[in-house]
Amino acid sequence: MLRKQGKGTSPEGQRLNRGIAQKLDGLNAEMQHALLQQEQSGVRRPANTYVGKMDQVHQWLNNPSSDPTRLGERAIRECTDEGRTVAEKCSGPERSEILQLCNDLDKLADELAEMMRRGMAAATAEKIERKMEELNNKLQHAIIAQVAEDFMDTTTNLKQLEKAARAPPDAPNREAEFESKAGAFEHQANQVANTAIQLANAGGNTNKRLLDQIRQNAEELKEWTPQVSHVAKIMLDYGKRSPGDVPAVSVHFENMRDILEREDGHTHQSGRQRNGHGQVY
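Conventions used here
Residues numbered from 1 in each chain as written. Predicted model: local features only at pLDDT ≥ 70, side-chain atom pairs only at ≥ 80, totals over all residues. Heavy atoms only, no water. UniProt positions renumbered as here; feature names shortened; annotations may be inferred. Helix = DSSP H or I, 4+ residues; strand = E, 2+ residues; numbered from the N terminus. Buried < 20%, exposed > 50% of the residue type's maximum accessible area, 1.4 Å probe, protein only. Lys, Arg positive; Asp, Glu negative; His and termini not counted. Salt bridge = Lys/Arg side-chain N within 4 Å of Asp/Glu carboxyl O. Disulfide = S-S within 2.5 Å. Axes fitted to C-alpha atoms, helices over the stretch in contact; angles between N-to-C directions. Parallel < 35°, antiparallel > 145°, perpendicular 65-115°, else oblique. Left-handed = near helix turned anticlockwise from the far one by under 90°. Contact = heavy atoms within 4.5 Å. Nonpolar A, V, L, I, M, F, W, Y, C, P; charged D, E, K, R; others polar.

As recorded by an unreviewed UniProt entry, the chain carries the name Vinculin and is attributed to Desmophyllum pertusum. Of the chain, the UniProt comment under Subcellular location (unreviewed entry) reads exactly: "Cytoplasm". UniProt's Sequence similarities (unreviewed entry) comment on the chain is quoted here verbatim: "Belongs to the vinculin/alpha-catenin family."

The structure is reproduced here in structure tokens:
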């Protein structure tokens, strides 16, 4: 309106121009901040490995204001969740120590959030760094022990499943024996796969390609396991109801068995790679 009246350069017009410019600058700053928040919340996530999460926590503790999405805090929570999962397979003092470290870290994370609001976070941050390192060492030891135990013999249960599936039709307790062997086989195969995934997530190796391969092999092992049991059950049933079809089913089972053994071998081999500290799994 002022411009149309030829008053755009008048004191009133200049005042309005400055006001509009300030509003636009403020709006632009708000938009940039909102876009940054959206980008960070939509893209940045806790790392896949414990080592990666430790790095995110370290960055957060050193400069909390650079992490408005509290990625570092979320990384701590995921580390303690992973720690409790590993502890489930442990026993005695080792289990208690890992669980206590997880509880300590959760408590310190809560305390740190409060301290940050008061500007008094330095001491708590140092405690968290020490606890994270201590938990990492405990998890390394626990996972190495689990790998050694779970990967010691990965074929016996599969052989026993096959033997039960091929039992003669008149064998005593044939069905019950098969169910027992199938349950043991599936439990062990899934345990091997889960341990391999834990190794990839909480182990000390930082080779992303290797870790992704371990996860893939483990997931494929979990996928094939129930299929092998299913074909074994078909072979068991055909042995009693349709003996003439057993050879064809047997070939199918052997193919499935070979695939599973190959996946198991890949998982086993990957699981024994050296980690970032030179330890052999």
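## Observations regarding the side chain of Glu 82
By the element assignment, Glu 82 lies in helix H3 (residues 71–87). Despite its burial, Glu 82 remains without a salt bridge, the nearest opposite charge being carried by Lys 53 at 6.3 Å.

## What about the pattern of salt bridges?
Throughout the structure, instances matching the rule amount to 14 salt bridges. A salt bridge links Glu 73 to Arg 77, with the shortest nitrogen-to-oxygen separation between them at 3.2 Å. Taken together, the residues Glu 73 and Arg 77, both in helix H3 and 4 residues apart, mark about one turn of the helix. Given a relative accessible area of 12%, Glu 73 falls into the buried group. The exposure class assigned to Arg 77 is partly exposed, which follows from its relative accessible area of 24%. Between Glu 162 and Arg 166 there is a salt bridge, with its nearest N and O atoms 3.1 Å apart. Its relative accessible area of 15% is what places Glu 162 among the buried residues. Taking relative accessible area as the criterion, Arg 166 reaches 35% and is therefore assigned partly exposed. When salt bridges with common partners are traced through the structure, they connect Glu 73, Arg 77, Arg 84, Asp 106 and Asp 110 into a single cluster.

## Re the state of the cysteines
Under the defined criterion, the tally for this structure stands at 0 disulfides. Cys 79 takes part in no disulfide bond, and the closest cysteine sulfur, belonging to Cys 102, lies 8.9 Å away. Overall, the relative accessible area of 1% leaves Cys 79 in the buried class. Given a relative accessible area of 0%, Cys 102 falls into the buried group.

## Focus on the environment of Gln 198
Within the secondary structure, Gln 198 sits in helix H7 (residues 174–202). Taking the C-alpha atoms as reference points, Gln 198 and Leu 139, separated by 59 residues in sequence, lie 9.6 Å from one another.

## Let's talk about unusual backbone geometry
Positive phi outside glycine occurs at Asn 173, with the angle close to 55°. Within the secondary structure, Asn 173 sits in the loop between helix H6 (156–165) and H7.

## Some words on the packing of H6 against H7
It is at 9 Å that the axes of H6 and H7 come closest, and there the two elements cross at 155°. The angle between H6 and H7 falls in the class roughly antiparallel. For H6 against H7, the interelement crossing comes out left-handed. Facing H6, whose interface residues are Asn 157, Leu 158, Gln 160, Leu 161, Ala 164 and Ala 165, H7 presents Arg 174, Glu 177, Phe 178, Lys 181, Ala 182, Ala 184, Phe 185 and Gln 188. Across the contact of H6 with H7, the residue classes break down as 8 nonpolar, 3 polar and 3 charged.

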